[in-house]
Every structure is written in structure tokens, then in C-alpha cells.
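These are the residues of each chain, in order.
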Amino acid sequence: MSNPEETSRLEAERLAKIERIRARGGEPYPWTFPGRVSTAEARAKAAGLTPGAGGEGTVRVAGRVRSIREHGKSCFVDLEDAAGSIQLFLRGEELGERYARALAEIDPGDIVGADGVPTVTRRGEPSVMVSSLELLAKAIHPPPDKYHGLKDPEARLRQRYVELLDSPESRLRFQGRYELLREIRRFFDSEGFMEAETAVLVPVAGGAVAAPFTTHSRYLDVDLQLRISLELPLKRLLVGGFERVFELGQAFRNEDLDTIHSPEFTLLEAYWAYADYHDMRGLIEKLYGQLAAHVARRFPELPAASAAPELFRAPFAQVDFVEALEAKMGTTGLLERSREELGALARAAGATVPEDSPVGVFLDKLFDRYVAPGLVRPTFVMDHPLATTPLAKRHRSKPGRVERFELFCGELELANAYTELNDPVEQERRFRAQAGGRAEEAYAFDADFVEALRYGMPPATGVGIGVDRAVMLLLGVSSIKEIRLFPQTRPRADTG
RNA sequence: GGGCCCGUAGCUCAGCCCGGUAGAGCAGGCGGCUCUUAACCGCAAGAUCAGGGGUUCGAAUCCCCUCGGGCCCGCCA
């Protein structure tokens, strides 16, 4: 790898060009370029013209120079902007002495603006016959190989801007991500949910089991943690009288990173008073149906996106957590087994779990091993064992279970929802029941949250969605780093 | 945490097995070319071979360590 701070000979040549431009009174970094149209609009004006014949009127376009093909007294330049690209056609005949100067000063990667007449070349390429060309920003670093692009996976992450400027496909990926987040917001808004922005910095990160990042407030002189979930503050809002709330934002878990885990990730949670998890199941089915329809409409060239509406066609499959697990294991009476027995089964299935883990951990492992891999289509997994889920309400008719569903698809968890526990006494008991176990397997005790429930929280349902994973599935991307703009990487050492 | 793989010019790659002192295309420089689109033709230039150590007369190549990255497994939700 090169040191980005060193000046290569190529950069030295480009810096010398900048000096020459300034020496002749030119400005390599002008202030603005008013009145331009997109390359798409310029293309539209050229459309339908007879190849080889000139069009009428002029257009003004601007963008990045992708490639230059010189032919002596004429030259073709591919110009790219956010809307696409168009070919510039430069001729010595038209430009006089400015022709040679433009070729001497412009390199691939530069940002330029041009005025000219829309035309179609004899070979049929929509073009702008340039009457004037202006440098808008000189690039000092040369862009990646124009044909092969930027391949180095490390550089694509560390210098995302290079990948983006080089690759319209990567820009499309992030456009897709943005639009999915926008559609999620629109969906909840249209369903009457209010978006909330709760605290990122909290005294104790709760609502999930995960190692938090820690930091410190100088003013308060207290240690703080970065939130690991949105659950507890949003439920406090239900106590406070809001009936439909959601939050879409970053959460942080101080754990390993791999293709489906990022230390910072985008989480959606929504809480809905006077409704239960069956209502939420319907809402989530509707949400994914709309997201699938959106990506299929907007990104038909992506195979995963065009397949999404069929994949997410309602109604989604449903299986009972315990029944599905018992069927796959060929056993019965799972919930009556002792902790030791379940632990042995989990280890026999290949899970590495400490012997004294809570029962819920073993059951989760067994489910992950036996059932989840088979859930290729979106499937609601219903009614988990109580031991796996301390924040959900006990099932109204199935003993030893809670009212919960997880939506699985292709081993990715796409939603996790409960009928929420709102009994403060039981909530406190469940928190305390975990206190004896290992810290890394227990939900943090949040006394203020119990206090809030004591004021009365209406019956409610809530859902959490790992938005990055939903985006991955809908856009057909295999690593979370592909759909987060600036994923975490280890800082590079200054000297090797 | 364990295993496998990768790091050579600004970019994309070859060379590594079988050690003999680094090669191509693009980009850049110079020259030629008025319809190309990976434009083309000619000339010249461009490389701490990720870093450090070892073996050897000689290391990009073999060995060890370190750094960074990727994939798989484990852990984690």
C-alpha cells in the first residue's frame, strides 16, 4: 500500500498543471457553475437527433471526467454526474487554441463543466458538441483503473469515497439503503406512529444483552454507556401517554464484527399501545411487502430486489417455536427437560455454551441449530419459551411461553416482536431472576424503568428490526460492510 | 479465540511451486492521428515487491515474526 500523504510522480505532474493554470491567470478551483443541467437532461435533448447532424440550442453540463479518447484534432470525453453520463465531443475546429489547452490541462478524475450543442455522433452516441470547457476542480490523485475499477477490498472500505466516485453501482447501493430507510419512516408515519429521538448516552445500556461501549461525561463526572437498544426509553414514552412511537437510529454493541455484525448498527423499534403481537405481525407483514415492492420498482436491475415481492408475498409462513424445534429434533416435552439435559443437547448439536448458562440460552442455541437454517422464506417463529425472553408478556394460553415472534428469512432475523410485559412487579422479578447469572447473559437491571411501569403502561406490542440486515436481504448484499458507508476498520499503523 | 487465503508501479494484474536481482495493460509524459467509446500506433519514464528478521554466494520467490485485509468456524443478538 502506498502512503496517501506521499506525493507520487503522477500527483507531481498534476500539481504542476495547477501551477501552469494559475500562471496563465486561470483558476483550477472556481467557485460555482450556475445554470447547468444533468447529463440525463442533456441526453434527452440529444435523443432522436439524426446521427452526425447537429442539434439546436445549447446545454450546460458538469461532472467528473471518466475517460479521454484523443484523436489528434478531435477528442471524446466521458463526463459523469449523479444522473448518469454523457460524452463530450471536442473539436479543434470549434475550439481553436482552447482545444490544445483543454487537452493539456484536463485529466481523468477532474471535475469539469462544458457548454455545447446536443448532438448524436455518427456512431450513434448522444453527445455534447463542446463550445467551451471549464475546469471546476482539478484532481491530484488519479482515479482507479477505468476498466477494472477499484478492486482492493481494503481500499474500498477505508477510502469509501474512492469506491463511490469510481462505481455508479456502489452509489446505487447506498441510494437503495437511503430509500429503504425513508420508506420505513414513511410507513410508520402513515400508520400513525410518531418518531422519537431518545438518548444515545445512558447511565446503563439496557433492553438487550450485549456488551456496551463506555464513555465519560466530564461535566457530570459520571461514566456513561452508548445505548444497545431503544426498548426501554420508548416504553417510557408509552407510560407518558404516546400511543404509537418509533425510533430509527444507531445502536452500539462492543462485540465482534463480521459479515452480519457491526459495532454500530441501525436499529428500528416501534411500540404500539392497545395492540398485541398479532397486530404487530400484520403490521410487519405489510411493512416488508411495501419495502419489497419499492426496491423492485426502483432497482429492477438488482436480482434480489426484483425477486423481493415474490419472496415477501403475504401471508408469511408461521411456525411455533417449540413445535418446530421438537419436530426437527424428533423429541417431545422439551420445556420439561432439566437445564442440564438441555445444555447437553445444545452441546451435542455443536453449540459452544458454558454448562451453567440459563435455560433460555440453550433453547436459543438449539433453535439456531435445528430450525433457523431451514427458514428460507420469511417465516414468523411464534411463542418462544419464557426463559429466552425476559421483557415479553407471558402467553395468554400457552404455559411457559411468551407472546413473541421473530421473523426469519435465510437465517437472517428480520424482526423481533413481543406483546410487551407491563406488569412492574413481574418485570422486577424477571430482572432479579437474572441477577445471579453471568453479567454477559443478563439484562441490566433498570430500576427507573420498573419505576416507570409502576405508573401504568397500557397493554402494548413492540418490534425491533435490524435495519442493516433488512437492507442486505432486500438489495442482495452479503456483508454488512457493503451497506454501511463507513464501516469500522482497524486504524492503520503509521509505520509498518 | 481457531483455521485458510491475500498484500508487487497511482489502479488492475503476471512473476513465487522449481531462488539468479521485477514485467504487462490502464493512468501520466513526449510524438502521430478529425466519429471514438477498454479508441489506436510509436518512444521514453515510472516499484522501500506491506514491514522486520533469518537461511543463502544470491530472496518478490524459502523460513520466522509483526501489521493490515478477506473468507470459514467459534463467540456474541
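What this report covers is the structure whose coordinates are included nearby. These numbers come from a predicted model, not from an experiment.

What counts as what
- Residues numbered from 1 in each chain as written.
- Chains lettered and ligands numbered in written order.
- Predicted model: local features only at pLDDT ≥ 70, side-chain atom pairs only at ≥ 80, totals over all residues.
- Heavy atoms only, no water.
- Helix = DSSP H or I, 4+ residues; strand = E, 2+ residues; numbered from the N terminus.
- Contact = heavy atoms within 4.5 Å.
- Areas by Shrake-Rupley, 256 points an atom, 1.4 Å probe, with all protein chains shown as cover.
- Pairing = 2+ DSSP bridges.
- Buried < 20%, exposed > 50% of the residue type's maximum accessible area, 1.4 Å probe, protein only.
- Axes fitted to C-alpha atoms, helices over the stretch in contact; angles between N-to-C directions.
- Near = heavy atom within 4 Å.
- Polar contact = N/O pair within 3.5 Å; in protein donor to acceptor, adjacent residues only side chain to side chain.
- Nonpolar A, V, L, I, M, F, W, Y, C, P; charged D, E, K, R; others polar.
- Phe/Tyr/Trp six-rings, centres within 6.5 Å; stacked < 30°, edge-to-face > 60°.
- Lys NZ or Arg CZ within 6 Å of the ring centre and 35° of its normal.

**Observations regarding the overall build of chain A**
Counting its secondary structure elements, chain A contains 16 helices and 16 strands. The C-alpha extent of chain A, read off along each of the three principal axes, is 90 × 50 × 50 Å. Excluding contacts between residues fewer than 6 apart, the proportion of contacts in chain A whose partners are at least 24 apart in sequence is 66%. Only carbon and sulfur atoms are counted for the fraction: they give 52% of the accessible area of chain A, which is about 24,900 Å².

**Let's talk about the sheet that holds strand β14 (residues 404-409)**
Reading across the sheet, the 8 strands line up as β6-β10-β11-β16-β15-β14-β13-β12 and stay open at both edges, with mixed pairing between neighbours. Sheet topology places β6 (194-195) and β12 (317-320) at the edges, where each strand pairs with a single neighbour.

**So, unusual backbone geometry**
Cis geometry marks the peptide bond from A314 to P315, where omega comes out at -5 degrees. As for its position among the elements, P315 is in the loop between α10 (303-311) and β12. In this structure, D221 is a non-glycine residue whose phi angle is positive, near 50 degrees. Turning to its location among the elements, D221 is positioned in the loop between β8 (214-217) and β9 (222-226). For D221, a relative accessible area of 56% translates into the label exposed.

**Let's talk about the sheet that holds strand β5 (residues 126-137)**
One closed barrel accounts for 5 strands, arranged β1-β2-β3-β5-β4; its pairing is mixed. Taken over all neighbouring pairs, the strand axes of this sheet differ in orientation by 55 degrees on average, direction set aside. Where strand β2 (residues 74-81) meets strand β3 (residues 84-91), 8 bridges bridge the pair, whose relative direction is antiparallel. Its bridge partner being in β3, S74 is matched across the sheet by R91.

**Points about the protein's contact with RNA strand B**
The local shell around RNA strand B holds 55 residues, among which R9, E13, R123, K146 and R253 are the closest. Of everything in RNA strand B that lies within 4 Å of the protein, sugar and phosphate atoms constitute 60%. H71 places a side-chain nitrogen or oxygen 3.2 Å from a sugar or linking oxygen of RNA strand B. With respect to RNA strand B, the backbone of T352 contributes an N or O atom lying 2.2 Å from a phosphate oxygen. The element that contributes the greatest number of residues to the surface near RNA strand B is helix α1 (residues 9-23), accounting for 4 residues. Grouping the amino acids of the surface near RNA strand B by side-chain chemistry returns 12 nonpolar, 12 polar and 31 charged.

**Considerations on the side chain of D468**
Topologically, D468 is positioned in helix α16 (residues 467-475). Residue D468 is classed as buried on the basis of its relative accessible area of 2%. Here R484 takes part through its side chain, which lies 2.9 Å from a polar atom of the side chain of D468. Excluding residues that lie within four positions of it along the chain, D468 makes contacts with R177, F265, T266, I480, I483 and R484.

**Regarding the pairing of β3**
Counting the residues in the hairpin turn of β2 and β3 gives 2 residues. Pairing of β3 with β5, which is carried by 3 bridges, proceeds in the parallel orientation. Paired with Q87 across the strands is S127, a residue of β5.

**Looking at the packing of aromatic side chains**
A full pass over the atoms with the stated rule returns 12 aromatic pairs. Arranged with centres 5.3 Å apart and planes meeting at 10 degrees, the rings of Y288 and F312 form a pair that is stacked. Placement of Y288 in helix α9 (residues 277-298) and of F312 in the loop between α10 and β12 is noted, with a sequence separation of 24 residues between them. What makes Y288 buried here is its relative accessible area of 1%. Aromatic pair F367 and F408: ring centres 5.8 Å apart, planes at 40 degrees, arrangement tilted. Here F408 lies in strand β14 and F367 lies in helix α13 (residues 359-370), a separation of 41 residues in the sequence. Classification of F408 by relative accessible area gives buried; the value is 6%. Connected via pairs of aromatic rings, a cluster forms that spans F187, F188, F193, F246 and W272. One Lys or Arg, R60, reaches over the ring of F33 and ends 3.9 Å from the middle of that ring. The positively charged end of R298 is found above the aromatic ring belonging to F299, 5.1 Å away from the centroid.

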